[in-house]
Protein chains: 6
Amino acid sequence: MRVITFGELLLRLSAPGYNKLFQRGSLDCTFCGGEANVAVSLSNFGIDSAFITKLPNNDVGHAAERALNEFKVDTSRICCGEGRMGLYYLEKGASQRPSKIIYDRVNSAISIASIKDFDWNSIFEGADWFHFTGIDPALSQSMFEITLEACKVAKAKGLTVSCDLNYRKKLWSSENAQKAMKVLLEYVDVCIGNEEDAQMALGIQIENDVENANLNIDGYKKIAEKIQKEYGCKYVAFTLRESYSASMNGWSAVLCDSKSFYLSKKYEIQLVDRVGGGDSFAAGLIYGLITKMNNQQAIEFAVAASCLKQTIEGDFNRCSVEDVLTLMNGSGNGRVQR
Amino acid sequence: MRVITFGELLLRLSAPGYNKLFQRGSLDCTFCGGEANVAVSLSNFGIDSAFITKLPNNDVGHAAERALNEFKVDTSRICCGEGRMGLYYLEKGASQRPSKIIYDRVNSAISIASIKDFDWNSIFEGADWFHFTGIDPALSQSMFEITLEACKVAKAKGLTVSCDLNYRKKLWSSENAQKAMKVLLEYVDVCIGNEEDAQMALGIQIENDVENANLNIDGYKKIAEKIQKEYGCKYVAFTLRESYSASMNGWSAVLCDSKSFYLSKKYEIQLVDRVGGGDSFAAGLIYGLITKMNNQQAIEFAVAASCLKQTIEGDFNRCSVEDVLTLMNGSGNGRVQR
Amino acid sequence: MRVITFGELLLRLSAPGYNKLFQRGSLDCTFCGGEANVAVSLSNFGIDSAFITKLPNNDVGHAAERALNEFKVDTSRICCGEGRMGLYYLEKGASQRPSKIIYDRVNSAISIASIKDFDWNSIFEGADWFHFTGIDPALSQSMFEITLEACKVAKAKGLTVSCDLNYRKKLWSSENAQKAMKVLLEYVDVCIGNEEDAQMALGIQIENDVENANLNIDGYKKIAEKIQKEYGCKYVAFTLRESYSASMNGWSAVLCDSKSFYLSKKYEIQLVDRVGGGDSFAAGLIYGLITKMNNQQAIEFAVAASCLKQTIEGDFNRCSVEDVLTLMNGSGNGRVQR
Amino acid sequence: MRVITFGELLLRLSAPGYNKLFQRGSLDCTFCGGEANVAVSLSNFGIDSAFITKLPNNDVGHAAERALNEFKVDTSRICCGEGRMGLYYLEKGASQRPSKIIYDRVNSAISIASIKDFDWNSIFEGADWFHFTGIDPALSQSMFEITLEACKVAKAKGLTVSCDLNYRKKLWSSENAQKAMKVLLEYVDVCIGNEEDAQMALGIQIENDVENANLNIDGYKKIAEKIQKEYGCKYVAFTLRESYSASMNGWSAVLCDSKSFYLSKKYEIQLVDRVGGGDSFAAGLIYGLITKMNNQQAIEFAVAASCLKQTIEGDFNRCSVEDVLTLMNGSGNGRVQR
Amino acid sequence: MRVITFGELLLRLSAPGYNKLFQRGSLDCTFCGGEANVAVSLSNFGIDSAFITKLPNNDVGHAAERALNEFKVDTSRICCGEGRMGLYYLEKGASQRPSKIIYDRVNSAISIASIKDFDWNSIFEGADWFHFTGIDPALSQSMFEITLEACKVAKAKGLTVSCDLNYRKKLWSSENAQKAMKVLLEYVDVCIGNEEDAQMALGIQIENDVENANLNIDGYKKIAEKIQKEYGCKYVAFTLRESYSASMNGWSAVLCDSKSFYLSKKYEIQLVDRVGGGDSFAAGLIYGLITKMNNQQAIEFAVAASCLKQTIEGDFNRCSVEDVLTLMNGSGNGRVQR
Amino acid sequence: MRVITFGELLLRLSAPGYNKLFQRGSLDCTFCGGEANVAVSLSNFGIDSAFITKLPNNDVGHAAERALNEFKVDTSRICCGEGRMGLYYLEKGASQRPSKIIYDRVNSAISIASIKDFDWNSIFEGADWFHFTGIDPALSQSMFEITLEACKVAKAKGLTVSCDLNYRKKLWSSENAQKAMKVLLEYVDVCIGNEEDAQMALGIQIENDVENANLNIDGYKKIAEKIQKEYGCKYVAFTLRESYSASMNGWSAVLCDSKSFYLSKKYEIQLVDRVGGGDSFAAGLIYGLITKMNNQQAIEFAVAASCLKQTIEGDFNRCSVEDVLTLMNGSGNGRVQR
């Protein structure tokens, strides 16, 4: 099985430990990005995965590519050219202090890429699944067009298409997001998101109070049904984050197919690094579905995988299938493995 | 508005992470001190603040001054001369293991300063508020005299005077503390402390059992009333720390004016660095009062500010007014700010 | 009082912070080992302690020895020769992600040592206590023989002998463990372990469900009685770890002598580094017994000591008797010690 | 005396030690920039200096400002607004391997600033000297206009104007550089550069072979005379870097006034960090001239100051006047100062 | 063009900076090995390269593989199984203090590999070149046999075979080395080494005094001729290291084909990390020969490449063809590349 | 053979790498001191050595003691009590920038020790050699008296007494130094120093120009003869440092006995850390003399030992006798030891 993901690769510059940005004289640096995170996690699960993007043709771009090579993600179809490396600054929160992310991604190579940079027919050769996120069309008009083109070719070639709605208010307004996402969702088989995404990117609202972490399972059912009805998605999945503080979160998820609704186990996570949690969920879900787990297993796998990711430094989920199954089938009691 | 704070600037040498002192080959180093911490925090809140001290005339003293310049604290009135840089060693505790502080501040430049080193009339030019702490007079007899002189001039020039009682048993006995503090408190408008301070520095006792973190709100009212009656303070504020462990504390505060008693929201804090918590509270309270918040808002601002401080490495509160208001008016759920 | 401990000294290579192994370009390095950890802790408690092992005759072996010298453990009887330095890789877990240990100790100098390398009559000169663990005989057939020889000489010379069962499934099968341990236990006065040890190393089983951390005190009584009856041990002690997650554990212990059963206070520990927890318990218990604390005090001292160890980085318990007594007699509320 | 410098403040992200970029998981981070470096160095020399720029209105911009505050550079006239923080990646060279700089400064706040952002009449109030570099006009057309406006106002108000030619081929072509610089040089009293600058930014060529570090003093005289004749500069100064390798450089300079030519002592420098060497030279020269040293002393001070800078990590020259005089008047033998 | 290299992958644990081993609490860690270093360097030169070895089937082995993936070395033919990860401790020397390497590679997975683990016919499918070193047969008798088998198949399939003699006295005696190497050399087209290798691994001696770094070019000619005559090698290349100190070395090389003798330029290198210097030379030479450079260019490329490697931390040569050509065709003056 | 050294143990806080003090947020920390350095080096040479001092009775003092235990220096006679830990800040120089040391040792436990703290008769039991330095009497009047007492008892008990003159101008004037040192030198058998020491501490002057590193061997002979004549020393040794820069020094030494004059080989050292160079020389000389090397060998051993020390981080000489002999008898070419 081969999965293609498409998006922006970013340099993440994070303050070490629980220091504020620039409090110390160094920044931890890794490369990441919502769609690349999915490719890395799938590759760590043993799935043949490829990542598509455009990178600046300099030592920073080359290093970014090496960061994916390390995990055996196929980078052979990445193109290089004009533009800069998008980046973001991360300050990790603790207790009542929230994490802060400052994006600096304007003029990145991928955001100014041209539709001619990607030959989707050739890229999708031999592939089974295409994954993108709501960040792709948010980056620029050309990125919307490239993503749309990719979706069309993917469907034409019979790939399953998944999309993580991933609404980012710093990138576009809810109005613009809805305009683009409603078009793209026509091509999507598996729609992933959370409550805020549904509201902002698709205009579907329920009465839950996200801030207070009161979760309303019925509401999620209704949103999922709406999405399935309007866009014909086979699967709709939501992550349910209960943010008690920047240090401790509840984490679970739901999955709806056309007939049923599956609620996962909930994990109480002492957070190490929550960035990339949603991406590792998407990767876990794709893995579950592509390997034909039953739906309950698939959502349990996805939520266990993304629970583990949030206990590791960095955006990438470095866990194996075995690690995830151990948690999924075990007690999560964290006894030492000698 | 311009606030003047006066005290000792210290070099803090702390073991990295949760290592014991000298377990690793390096020490993290920052400059700090109860009164300087207040000046830095106020400057970060946009208040014009100046710090007064005496520093050794060498590269260590110069670096200490630069640490305050960074936050735009006015250091132009700091004097230099004989004596060493006071310092302390910090070992951060965790769970049942308490943090340890080893002071090495004997013979510091400020503790051997002379009353002639400070021209308070000129220092207070254009200032609205003077803040000192119980550490000042504890350092030496001359420091008591300098502090008393500063209080007298401050009152004469119409400044508001605040004092954080900050009793330190390694610096002086309760008996000596009371002798000095009772004199100084005559000049104080805003008295800040905790239960132990009231007992040790002022000889006012109630029956609370601090060790067990059982908080007795009525008791605090009585102490506050006593202080107001005896010394004529307009405001008395207490921080209420419930120390469940070295990793997790409850944190709240009370404020009393001549008429009413205001109890703040309580935060359950997963501690990052609790040193400087009281100083950031004092700064928050001064900010609230000097900007004419109502009393409930002022105490909520102070306690939210100091909650945030305890989630950041180092003694300084690096948060802005906006950060504090976000917590104060929000849920403290720590969701990522993108 | 002089205590001799015997075993393997290992190089521990651990991923910094909560990173996965080799996620960052460095590994933290310390020397440790179950029996050495006991010697270091006892030395920190003021007990004259010596550690016996065989080390490779190179700069790594010499550094290992220095690591014990630092804590005044007597290393003068360590011998040097062929073989390598055994080591293990450690990845610290968090929340639902377990810690991982990968041993690389085959062919270590001690595991290929000969019975002629150790003159126990001379080693035990002036000693009062001999401590070994179940890891010793697990390393090799010759190590079983050397350990047996040591036990025989120790008993002959009137030393008290203690053994921490320390079953390690990567080192030997339960069957082989039982074969060896049943022989050695004949010489043991103080037997230390946990439930899994009793079952795997001695074949004594009860119905507790370790994984779910449901503790069955009655069961422990029965195991202890069995051990006392079968092997004539004067004391049997068990640590009771309730592993809620890799970040938070309950920690307590029980001690049985021929007449009574003593249950300690339970600590809820926010873990910093749980490796070496059992060793610090053994050291605490030996300290309590050798200094003639009463049995309840001894088990409280042991469990408080090992609680503190788990809040410190590294395998060694760097706490003093005073630190332990402060926790044992105090509230464990973690207030700053200034 | 008060000096105003104007330009771009950059975030420098450098690989630690002699690693290649992204070889390790962290980057050292400091803020710097040709013109800011001059302001910092002058402030360290005791000169009242202010830095003018436009910064992004986020935590990165605020941190950049704090980096200047630390050295008491007046940042009160910096404006904030749209745009990003310009940055560069630095890989330090060694021996035959050259240092590499990758700029990422497109769309920085200052490069998209408007002429209305700076009120030069008010900025120059009370100032004696204005310093800019050839990087300013290279950033954008608006920056050329702003710089020209600043020059005009500076001359009108009687300030001395200095310019470091600082040709950067990644920013503009020699042709465009000449077009702009020839206009700006009309306002310049003190022109600073090196041979490459003279050729690329002003079109003045001599036959020296820079690559081979053969220095031709006569040639420099001729270039200086040309510049003085064409643009009426009072002083022309050139740094003479003999690059034997990335680890070892010869360093000296020449200064020409209308009558004479002054050649400095030459230092053989074992490089620690050569970036910012030219800026520290400019600061040293401005200091020498503004404090009325004689010309030989001025050039000696400038070259000694910049020699020291190249033995310190980071772009900033953290040395004091005393440090520079000690080298200038001493032997440079590096004996320990106790 | 596709190159296959075969050998042991090692974990390198090095003391940070110029500290002695275990002087600090951490070790820098990278994966490397003579033959893997060649594969990485070739891949960085754009050559399709694959590395063949056997790794332990655990997280350490997986991390080792990822370290090669990062550089796009084909690791798909690496097999996994029993045995440990070989490793070495490195202490970097300085000035008169030599670097120290302590090997700990006994029982590594590759050294106990079986001849059945490698299907050379399939491995060499599509390959043009096979590279091994004298370390391979030194590891064990089975490794000698596997290497011999590889050589036979390589020749049968028409690959060019290169061998770096790489004599290691800690691994085998000169006598045993000669016994094995004389057999293997029958299959070698390109023989690489230094004077000590020729003497110890092949028994060919000349009168040079290596210790004093007096180089005797005529002697090298004679050795090369002997090797060509005895074993029929098409090319013989020697690196000429003049070790003035642990900090400064002269570095050049010679290449002989059947007709001529080519001497390279000499570089005076301020060493950053000299380990892997010989491997990067071999990679440079293979690159030169496989891309049909003329012989002088090939040796210049090889020596420039390996000069650069010695200015970078770690065993891997992270330089590109462009980097090497810039040095080879330039002056090596180390001017900043902006 | 047993050597006793006596003096102050200091905490050294040094800026990492070539940063200025407090440029980065951490300081490297080690414990050291002229006399302790000698004890550590002798212990590393296999000599039974003990260090005598007084330490503060807190965690800092205990850590200081552990730092000596690590190297098996006998610390059992160290006493504890009032006073602080003396310390110094170190900024490592490079090229033309000198290293800077800022002492902060006033009121240290040893400097305020009483003559009753040390029972020299008991301390010298079983000892053969006593070593002190000119820093001891410089610390305080009581330290002069304690040192004098120690000298008297040492001589009475037949120990050899050595003294490193170690003049420190920050501690006392030349006048005071001469007053004390002339008294103490009456008891000294082996006098060690450099030219500046002879002049400042003993008032013996020659015309060498230390600053320019022009060494005048004849001058040294004359000084040595004077010292031998005036004080009856059996041996006088001088280190000859030629400070070309803070990065590169020439290093050699001379030794005079009553009949002859021995000049050592000279090493050109690329410095890693020159602090403690003189102490490692003293230790090397004591080793040479105590083990009955001939005089030429003794001075060669001392200068080779101290050459190596200056290539290692920290004050301690971590080299073994074997390391020193390898350099002394070899070429110092720094070839890798595998």
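Above this text is the structure in question.
Computed from a prediction, not measured in an experiment: that's the story for all the values here.

Participant: Is there a simple way to explain the overall build of chain A in this structure?
Facilitator: Within chain A, the secondary structure is distributed over eleven helices and 15 strands. Against the 2.2 N^0.38 benchmark of 20 Å for 338 residues, chain A shows a C-alpha radius of gyration of 19 Å, consistent with a compact globule. Overall, chain A is about 50 × 45 × 40 Å in size when its C-alpha atoms are taken along their principal axes. Across chain A, contacts joining residues at least 24 apart in sequence account for 69% of those joining residues at least 6 apart. Summed over all atoms, the accessible surface of chain A reaches about 10900 Å², with 45% contributed by carbon and sulfur.

Participant: Help me understand the relation of the copies chain E and chain D, please; the structure alone is not making it clear to me.
Facilitator: In summary, the two copies of the chain are related to each other by a rotation about an axis coupled with a shift along it. It takes a turn of 120° to lay chain E on chain D, together with a shift of 0.0 Å along the axis; the resulting RMSD is 0.0 Å. The operation mapping one copy onto its partner corresponds to a three-fold rotation axis. Residues of chain E ranked by C-alpha distance from the rotation axis are headed by G17 of chain E, positioned 5.2 Å from it. An asymmetric contact is evident, with only 4% of the interface residues of chain E recurring at the interface of chain D.

Participant: Explain the relation of the copies chain A and chain E here, please?
Facilitator: Taken as rigid bodies, chain A and chain E are interconverted by a rotation of 180° and an axial shift of 0.0 Å, the fit giving an RMSD of 0.0 Å. Considering both components of the superposition, the chain copies are consistent with a two-fold axis. Minimal C-alpha separation from the rotation axis in chain A is found for E70 of chain A, amounting to 1.9 Å.

Participant: Please explain the pattern of salt bridges as it appears in this structure.
Facilitator: Any two side chains of opposite charge can pair, so long as their charged atoms come close to each other. Scanning all chains against the criterion turns up 120 salt bridges over all chains. Ionic pairing is found between D59 of chain D and K100 of chain A, a salt bridge with its closest N-O pair at 3.1 Å. Of this pair, D59 of chain D sits in helix 2 (residues 59-69) while K100 of chain A sits in strand 8 (residues 100-104), which puts the two residues in different chains. Its relative accessible area of 14% is what places K100 of chain A among the buried residues. The salt bridge partner of E8 of chain D is R105 of chain D, with a shortest N-O separation of 2.9 Å. Residue E8 of chain D is found in the loop between strand 1 (2-6) and strand 2 (10-14), and its partner R105 of chain D is found in the loop between strand 8 (100-104) and helix 3 (120-123); the two are separated by 97 residues along the sequence. For the pair shown, E8 of chain D and R105 of chain D are each scored as buried. Sharing partners across several salt bridges, the network here consists of R84 and D104 of chain A together with R84 and D104 of chain D.

Participant: Can you help me understand the interface of chain E and chain D in this one?
Facilitator: Often, the extent of an interface is quoted as the loss of accessible area on bringing the components together. On the side of chain D, 27 residues touch chain E, which itself brings 24 residues to the contact. Interface of chain E and chain D: buried area, both sides summed, is about 2400 Å²; carbon and sulfur atoms make up 49% of it. At the junction of chain E with chain D, the criterion picks out two salt bridges. As a salt-bridge pair, K100 of chain D and D323 of chain E come within 3.4 Å of each other at their nearest N and O atoms. Joining chain E to chain D, the criterion identifies 13 residue pairs in polar contact (both at pLDDT 80 or more). Contributions of two or more residues to the side of chain E that touches chain D are made by strand 15 (267-270), helix 10 (295-309) and helix 11 (321-329) of chain E. Sort the elements by how many residues they give to the side of chain E that touches chain D and strand 15 of chain E lands first, with four residues.

Participant: I'm lost on the sheet that holds strand 8 (residues 100-104) of chain E in this one. Help?
Facilitator: Within a sheet, adjacent strands bond to each other through the backbone by hydrogen bonds, running parallel or antiparallel. The strand order across the open sheet formed by eight strands is 8(C)-7(C)-2(C)-3(C)-3(E)-2(E)-7(E)-8(E), and the pairing between neighbours is mixed. Each end of this open sheet is capped by a strand with a single partner; those strands are strand 8 (100-104) of chain C together with strand 8 of chain E. The mean angle between the axes of side-by-side strands here comes to 30°, regardless of whether they run parallel or antiparallel. Two elements, strand 2 (residues 10-14) of chain C and strand 7 (residues 87-91) of chain C, share four bridges in a ladder whose sense is parallel. Paired with L11 of chain C across the strands is L87 of chain C, a residue of strand 7 of chain C.

Participant: How should I be thinking about the interface of chain A and chain E in this particular structure?
Facilitator: Contact residues are listed per partner, giving seven residues for chain A and seven residues for chain E. Both faces combined, the contact of chain A with chain E buries some 680 Å², and carbon together with sulfur accounts for 48% of it. Looking only at chain A, the three residues that lose the most surface to chain E are R66, E70 and K72 of chain A, adding up to 67% of its buried area. A salt bridge links K72 of chain E to E65 of chain A, with the nearest nitrogen and oxygen atoms 3.0 Å apart. Grouping the constituent residues of the side of chain A that touches chain E by class yields one nonpolar, two polar and four charged.

Participant: So what exactly am I meant to see when it comes to the packing of aromatic side chains here?
Facilitator: Working definition: an aromatic ring pair is given by the centre-to-centre distance plus the angle between the planes. If you walk through the whole model with that rule in mind, you get 90 aromatic pairs over all chains. When the ring of F124 of chain C is compared with that of F130 of chain C, the centres are 5.1 Å apart and the planes differ by 70°; the resulting orientation is edge-to-face. Pair check on accessibility: F124 of chain C and F130 of chain C agree, each one buried. Taken together, F6, F118, W120, F124, F130 and F132 of chain A form an aromatic cluster joined through their ring pairs. The ring of F261 of chain B has K221 of chain B sitting right over it, with the charged end atom 5.0 Å from the ring centre. If you follow K92 of chain F out to its NZ or CZ, it ends over the ring of Y18 of chain F, 5.7 Å from the centre.

Participant: Before we go on, may I ask you to explain the packing of helix 7 (residues 195-202) of chain B against helix 8 (residues 217-231) of chain B in this structure?
Facilitator: The axes of two packed helices give the description: the angle between them and the distance between them. All names here are of chain B. Following both chains from N to C, one finds helix 7 and helix 8 inclined at 40°, their axes separated by 11 Å at the closest point. By the angle between their axes, helix 7 is oblique relative to helix 8. In the packing of helix 7 onto helix 8, the handedness of the crossing is left-handed. Seen from helix 7, the contacting residues are E195, A198 and L202; seen from helix 8, they are Y220, I223, I227 and Y231. Residues that form the contact of helix 7 with helix 8 fall into these classes: six nonpolar, no polar and one charged.

Participant: What exactly am I supposed to notice about helix 10 (residues 295-309) of chain D here?
Facilitator: In an α-helix there are 3.6 residues to a turn, and that puts residues three or four apart on one side. Across its 15 residues, helix 10 of chain D extends 21 Å between first and last C-alpha, which sits within 8% of the 21 Å expected from 1.5 Å per residue. Most of helix 10 of chain D sits inside the fold, with 13 of its 15 residues counted as buried.

Participant: Can you walk me through unusual backbone geometry in this structure?
Facilitator: Residue and element names in this part refer to chain B. With phi around 50°, S95 is a residue other than glycine that occupies positive phi space. Along the polypeptide, S95 turns up in the loop between strand 7 (87-91) and strand 8 (100-104). In this model, N166 sits at a positive phi of 40°, which is unusual for a non-glycine residue. Inspection of the secondary structure puts N166 in the loop between strand 10 (160-164) and helix 6 (174-184). Using a relative accessible area of 9% as the deciding quantity, one classes N166 as buried.

Participant: I keep staring at the environment of A50 of chain E and nothing clicks. Help me out?
Facilitator: All names here are of chain E. Looking at where A50 falls in the secondary structure, it is placed in strand 4 (residues 48-52). Expressed as a C-alpha distance, the spacing of A50 and V73, which sit 23 residues apart in the sequence, is 5.3 Å. Those residues in contact with A50 that sit more than four places away from it in its chain are R2, V3, I4, T5, A39, V73 and D74.

Participant: When you look at the packing of helix 1 (residues 34-44) of chain D against helix 9 (residues 277-290) of chain D in this model, what are you seeing that I'm missing?
Facilitator: All names here are of chain D. Between helix 1 and helix 9, whose axes approach to 8 Å, the crossing angle comes to 45°. With respect to helix 9, the element helix 1 is oriented oblique. The handedness of the crossing between helix 1 and helix 9 is right-handed. Along its contact with helix 1, which presents G34, N37, V38, S41 and L42, the element helix 9 presents D279, A282, A283, I286 and Y287. Here the contact of helix 1 with helix 9 is composed, by residue class, of six nonpolar, three polar and one charged.

Participant: Can you walk me through helix 8 (residues 217-231) of chain C in this structure?
Facilitator: Residues and elements named next belong to chain C. The first and last C-alpha atoms of helix 8 sit 21 Å apart over 15 residues, in line with the 21 Å expected at 1.5 Å per residue. Those residues of helix 8 that fall on the buried side of the exposure criterion are G219, Y220, I223, A224, I227, Q228 and Y231. Considering only its buried residues, helix 8 is in contact with helix 6 (174-184), strand 11 (190-193), helix 7 (195-202), strand 12 (235-243), strand 13 (248-256) and strand 14 (261-263). Of the residues trailing helix 8, G232 is marked for its positive phi of about 70°.

Participant: Got a minute to help me understand the side chain of N37 of chain A in this structure?
Facilitator: All names here are of chain A. As for its placement among the helices and strands, N37 is situated in helix 1 (residues 34-44). Residue class for N37 comes out buried when judged on its relative accessible area of 2%. Ignoring anything within four residues of it in the chain, the contact list for N37 reads C32, G276, D279, D315 and F316.

Participant: Sorry if this is basic, but what is going on with the sheet that holds strand 3 (residues 26-32) of chain B here?
Facilitator: An order of 8(B)-7(B)-2(B)-3(B)-3(F)-2(F)-7(F)-8(F) is seen for the eight strands of this open sheet, with the pairing classed as mixed. Each edge of the open sheet carries a strand with a single partner, namely strand 8 of chain B together with strand 8 (100-104) of chain F. Shown here is a sheet whose adjacent strand axes are inclined to one another by a mean of 30°, direction ignored. Inspection of the sheet shows strand 2 (residues 10-14) of chain B paired to strand 3 of chain B by five bridges, in the antiparallel sense. Across the sheet, L10 of chain B pairs through a bridge with C32 of chain B, a residue of strand 3 of chain B.

Analysis parameters
Residues numbered from 1 in each chain as written. Chains lettered and ligands numbered in written order. Predicted model: local features only at pLDDT ≥ 70, side-chain atom pairs only at ≥ 80, totals over all residues. Heavy atoms only, no water. Helix = DSSP H or I, 4+ residues; strand = E, 2+ residues; numbered from the N terminus. Rg over C-alpha atoms; globule rule 2.2 N^0.38 Å. Contact = heavy atoms within 4.5 Å. Areas by Shrake-Rupley, 256 points an atom, 1.4 Å probe, with all protein chains shown as cover. Least-squares fit on C-alpha atoms with pLDDT ≥ 70 in both. Salt bridge = Lys/Arg side-chain N within 4 Å of Asp/Glu carboxyl O. Buried < 20%, exposed > 50% of the residue type's maximum accessible area, 1.4 Å probe, protein only. Buried area = accessible area lost by both parts, 1.4 Å probe. Polar contact = N/O pair within 3.5 Å; in protein donor to acceptor, adjacent residues only side chain to side chain. Pairing = 2+ DSSP bridges. Axes fitted to C-alpha atoms, helices over the stretch in contact; angles between N-to-C directions. Nonpolar A, V, L, I, M, F, W, Y, C, P; charged D, E, K, R; others polar. Phe/Tyr/Trp six-rings, centres within 6.5 Å; stacked < 30°, edge-to-face > 60°. Lys NZ or Arg CZ within 6 Å of the ring centre and 35° of its normal. Parallel < 35°, antiparallel > 145°, perpendicular 65-115°, else oblique. Left-handed = near helix turned anticlockwise from the far one by under 90°. Expected span 1.5 Å × (residues − 1).

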